Amino acid sequence: MKSLRLSLIICLSIVFTLEAVFCIPANAQSSESKTSQDKSTVSERIRRIESGLLPPFQIKGESTAKMNIADRMKHYKVPGISVAVINNGKIEWQRSYGVKEAGKNEPISVDTMFQAASISKPVAAMAALKMVQDGKFSLDEDVNKKLVSWKMPENEFTKERKVTLRGLLSHGAGLTVSGFPGYASDKPLPSVVQILDGSAPANTKPVRVQEAPGTRWSYSGGGITVMQLLMTDVSGKLFPKLMQDAVLKKLDMKNSTYEQPLPAQFHSQAAAAHNSKGEKIAGNWHVYPEMAAAGLWTTPSDLARFAIELQQARAGKSKKVISPEMARQMLTKQIGAWGLGITLSGEGASARFSHGGSNEGYRCSLVAYNETGQGAVVMTNSDNGDQLINEIMRAVAAEYGWVDYLTKEKTIINLESKIFEGYKGQYQFGTAGNFTVLTEDGKLKIQLGGEKKYELLPESETIFFLREMPLEVIFVKDTNGNVTEMVHFYNKQEFRLKKIK
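Computed from a predicted structure; not experimentally measured. Every chain is numbered independently, its residues counted from 1 as its sequence is written. The predicted nature of this model means local features are confined to residues of pLDDT at least 70 and side-chain atom pairs, given and counted, to a pLDDT of 80 or more, with totals for whole chains, interfaces and linings taken over all residues. Heavy atoms from the whole structure form the basis of all side-chain values; hydrogens and water molecules are not counted.

**Comments concerning the overall build of the protein**
Step number 1: Helix numbers and strand numbers start at the N terminus; a helix is a DSSP run of H or I with at least 4 residues, a strand a run of E with at least 2. Assigned secondary structure in the protein consists of 12 helices and 20 strands.
Step number 2: The reference for a compact globule is 2.2 Å times residues^0.38; the radius of gyration itself is calculated from the C-alpha atoms. Taking 23 Å as the expected radius of gyration for a compact globule of 501 residues, we find that the protein reaches 22 Å, a close match to that expectation.
Step number 3: Taking the principal axes of its C-alpha atoms as reference, the protein extends roughly 65 × 60 × 45 Å.
Step number 4: Partly exposed describes any residue whose relative accessible area lies between the buried limit of under 20% and the exposed limit of over 50%, with all areas from a 1.4 Å probe on protein chains only and scaled to the type maximum. Out of the 501 residues belonging to the protein, those deemed buried represent 60%.
Step number 5: Whether two residues are in contact is decided by their heavy atoms: any pair within 4.5 Å suffices. Long-range pairs, those at least 24 residues apart, make up 65% of the contacts in the protein with a sequence separation of at least 6.
Step number 6: Note on areas: Shrake-Rupley, 1.4 Å probe, and residue coverage restricted to the protein chains presented here. When the accessible area of the protein is evaluated, it comes to approximately 19,600 Å², of which 47% is carbon and sulfur surface.
Step number 7: Neither His nor the chain ends contribute to the count of charged residues, in which Lys and Arg are positive and Asp and Glu negative. For this purpose, a charge sits on NZ of Lys, CZ of Arg, CG of Asp or CD of Glu. Taken together, the 62 basic and 52 acidic charged side chains of the protein have centroids lying 2 Å from each other.

Right, here's the structure in full:
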């Protein structure tokens, strides 16, 4: 997958919504806790969630029927899903649906491994912060002082400000390469140094400083790959071993590994990756030597254990990996909406940390609340998983009384089509490319590159939203009435896109 599409998925989770039919096993695989609540009550909750998937918006005057998880899997062409729900600081239940590979009858189980994609980053960040805590390196020193096998090339942007671990973790170091497409299983793999220099057989551009560090948030998987090399240079360990010792073993993440390629003994436990057409990708999955950024194989339950540890450490109740003080630093905003390796949203009871993941053929999401002991992890083996994940998260939120992720009511107003003319044009989405706003059949639509077009529904003359996902758009005008930028709000995160033509 090209980096343009990858960046969009990272920030906006826009995916295709194609109709198809999959064979979904009648009996979902599950595991429920008997200690957090009466088992029958938990089972009732699960049933309500399974039949209560919700859209992002309810249109005033329209009835919104709750949706069934099996039907939505067919709708989105998602062969398999696995879910873990956190309540009262524990994994309250786990359940899986569908199959490891489309067209076959081997069911997903709660122990089936998926690629965590970018959720690899916060788990790796916890290990990096443990190394900071142990005095191996610091958050604010020039990473070149500790890098051995490669150095970040200096340029005009690094004369006054250097690249630091804090900048790498918060995506504020000004580096290139937002994401990685991975490598087909039969292709040669580059070393980390070759990836950072963009030299063969690497399939991405060099990781370089493209703007002054610390001045702007810009998502960079390349920066996390620099962190990976820093960790291995300083520790002298291979990255999978380092992560196993520092985090996975300590948190009892028994079904997790950063090994790339995935060792043969785990193949039968892994879900195969599927593209947007519902087809299994060649070789079952791609390989990601960018392990810290995209290489973790895991389960929702193991990621839930990670989330619970971060909740507990922040509260001063655990220090299995990092201290409470370091956990609070990790969950403190650094630049934009980012902490150290993880997204931060909300305030008070709504304060939460989260991260999404998008590898070739996999989509996943983790969210956990700082103070309430709640959260959930959903993993899928499909490029079409994002919107289904959001529908499941909203059902969980409604059932458990989360502060956010609930369906919002929206009112559509009638606008003359001539008003849309002023909004048409190209809007720059950082390094990810341009959004196109266009009119079609008298409707205002939005598109990134050659992806699917989505209708923008008007709430007012300048405020619009999408029916398919939690995306709201505001067109900003200057004193002359000309549109200068488009502001996106996605799950309460703000992105400003300048109009360029």
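**A word on the environment of Asn359**
Step number 1: Structurally, the position occupied by Asn359 is in strand 8 (residues 352-359).
Step number 2: The class for Asn359 is buried, based on a relative accessible area of 2%.
Step number 3: Sequence-wise, Asn359 and Lys77 are 282 residues apart; in three dimensions their C-alpha atoms are separated by 17 Å.
Step number 4: Contacts of Asn359, omitting those with residues within four sequence positions, involve Gln115, Ala117, Tyr288, Ala294 and Asp383.
Step number 5: In this structure the side chain of Asn359 is engaged in a polar contact, spanning 3.0 Å, whose partner is the backbone oxygen of Ala294. Whenever a nitrogen or oxygen atom comes within 3.5 Å of another N or O atom, the pair is scored as a polar contact, on the condition that within protein one atom can donate a hydrogen and the other can accept it, and that pairs from neighbouring residues in sequence are kept only if both atoms are in side chains.

**Here's the deal with the confidence of the model for the protein**
Step number 1: For the protein, the average pLDDT comes to 90, and 90% of its residues sit at 70 or higher.
Step number 2: Summary of the metric used: pLDDT quantifies the predictor's per-residue confidence within the range 0 to 100. The low-confidence segment residues 1-27 (pLDDT under 50) makes 92 contacts with residues lying over four places distant or belonging to another chain.

**Some thoughts on the nonpolar core**
Step number 1: We define the nonpolar core as a collection of buried residues of types Ala, Val, Leu, Ile, Met, Phe, Trp, Tyr and Cys that are connected through side-chain atoms lying within 4.5 Å of one another. Met227, Met231, Met243 and Val247 are the most contacted members of the largest nonpolar core, which totals 88 residues.
Step number 2: Ranked by the residues each element gives to this core, the list is headed by helix 4 (residues 120-133), at nine residues.
Step number 3: Among residues more than four places away in sequence, those in contact with Met231 are Ala124, Ala127, Ala128, Met131, Phe137, Phe239, Leu242 and Met243.
Step number 4: Formed by 28 residues, the second largest nonpolar core is a distinct cluster that contains Val42, Val85, Ile389 and Met393.

**Describing the side chain of Glu472**
Step number 1: Take Glu472: it is sitting in strand 18 (residues 471-477).
Step number 2: If we ignore the near neighbours within four places in the chain, the residues touching Glu472 are Phe57, Lys408, Lys410, Glu459, Phe464, Phe465, Val487, His488 and Phe489.

**Side note on the packing of helix 3 (residues 69-76) against helix 12 (residues 385-400)**
How two helices sit against one another is set out by the angle between their axes and by the gap between those axes.
Step number 1: The N-to-C vectors of helix 3 and helix 12 enclose an angle of 160°; their axes lie 10 Å apart at closest approach. By the angle between their directions, the pair helix 3 and helix 12 is classed as roughly antiparallel. Regarding helix 3 and helix 12, the two cross each other, and that crossing is right-handed. Contacts between helix 3 and helix 12 involve Ile69, Arg72, Met73 and Tyr76 from the first element and Gln387, Leu388, Glu391 and Ile392 from the second.
Step number 2: Each residue is assigned to one class: nonpolar for Ala, Val, Leu, Ile, Met, Phe, Trp, Tyr, Cys and Pro, charged for Asp, Glu, Lys and Arg, and polar for all the others, Gly among them. For the contact of helix 3 with helix 12, a count of residues per class yields five nonpolar, one polar and two charged. Helix axes use the C-alpha atoms of the stretch in contact, all axes being lines fitted to C-alpha atoms, and the angles between their N-to-C directions lie in the range 0 to 180 degrees. Working rule for angles: under 35 degrees goes down as roughly parallel, over 145 as roughly antiparallel, 65 to 115 as roughly perpendicular, anything else as oblique. Two helices cross in a left-handed way if the nearer one is turned anticlockwise from the farther one by less than a right angle. They cross in a right-handed way if the turn is clockwise.

**Section: the pairing of strand 3 (residues 80-87)**
Step number 1: Counting buried positions over the eight residues of strand 3 gives eight, a clear majority of the element.
Step number 2: Residues Gly80, Ser82, Ala84 and Ile86 line one face of strand 3 and the alternating positions Ile81, Val83, Val85 and Asn87 line the opposite face, and both faces are buried.
Step number 3: Two strands pair when backbone bridges link them, and strand 3 and strand 4 (residues 90-98) are joined in this way by eight bridges, in the antiparallel orientation. Note on strand 4: the bridge partner recorded for Ile86 is Ile91.
Step number 4: Strand pairing is defined by DSSP finding a minimum of two bridges between the two strands. Hairpin connection between strand 3 and strand 4: a loop of two residues separates the two successive antiparallel strands, and Asn88 in this loop has a positive phi of roughly 55°.
Step number 5: Pairing geometry for strand 3 and strand 10 (residues 375-380), over six bridges, is antiparallel. Residue pairing across strands places Val83 opposite Val378, the latter belonging to strand 10.

**So, the environment of Ala65**
Step number 1: For Ala65, the location among the structural elements is in the loop between strand 2 (57-59) and helix 3.
Step number 2: The exposed category is assigned to Ala65, whose relative accessible area is 59%.
Step number 3: For the pair Ala65 and Lys333, spaced 268 residues apart in sequence, the C-alpha to C-alpha distance is 38 Å.

**Brief notes about the packing of aromatic side chains**
Step number 1: In this analysis, rings of Phe, Tyr and Trp, with Trp reduced to its six-membered ring, are considered paired at centre separations within 6.5 Å, and the interplanar angle assigns stacked below 30 degrees, edge-to-face beyond 60, and tilted for intermediate values. Evaluation of the coordinates by the stated rule reveals 13 aromatic pairs.
Step number 2: Cluster of aromatic residues (ring-pair linked, three or more members): Phe420, Tyr423, Tyr427, Phe464 and Phe475.
Step number 3: Geometrically, a lysine NZ or arginine CZ counts as sitting over a ring once it is within 6 Å of the ring centre and also within 35 degrees of the ring normal. Stacked on the ring of Tyr400, the Lys or Arg Arg45 has its end atom at 4.0 Å from the ring centre.

**A few points about the environment of Glu347**
Step number 1: For Glu347, the position within the fold is in the loop between strand 7 (343-345) and strand 8.
Step number 2: By relative accessible area, Glu347 is classed as exposed at 71%.
Step number 3: It is 18 Å that separates the C-alpha atoms of Glu347 and Gln312, two residues lying 35 residues apart in sequence.

**Re the packing of helix 4 against helix 7 (residues 221-235)**
Step number 1: Closest axis-to-axis distance for the helix 4/helix 7 pair is 11 Å, and the angle between their directions is 40°. When the axes of helix 4 and helix 7 are compared, the pair comes out oblique. The way helix 4 lies across helix 7 gives a crossing that is left-handed. Contacts from Lys121, Ala124, Ala125, Ala127, Ala128 and Met131 in helix 4 reach Gly221, Ile224, Met227, Met231, Val234 and Ser235 in helix 7.

**Examining unusual backbone geometry**
Step number 1: In this chain, Ala200 is followed by Pro201 through a cis amide linkage whose omega measures 5°.
Step number 2: In this fold, Pro201 is placed in the loop between helix 6 (192-197) and helix 7.
Step number 3: In this structure, the amide linkage connecting Gln260 to the following residue, Pro261, adopts the cis form with an omega of -5°.
Step number 4: Within the fold, Pro261 resides in the loop between helix 8 (239-248) and helix 9 (291-294).
Step number 5: One non-glycine residue with positive phi stands out, namely Asn88, at about 55°.
Step number 6: With respect to the element layout, Asn88 can be found in the loop between strand 3 and strand 4.
Step number 7: Residue classification places Asn88 among the exposed positions, given a relative accessible area of 52%.
Step number 8: Unlike most non-glycine residues, Ala117 shows phi in positive territory, near 55°.

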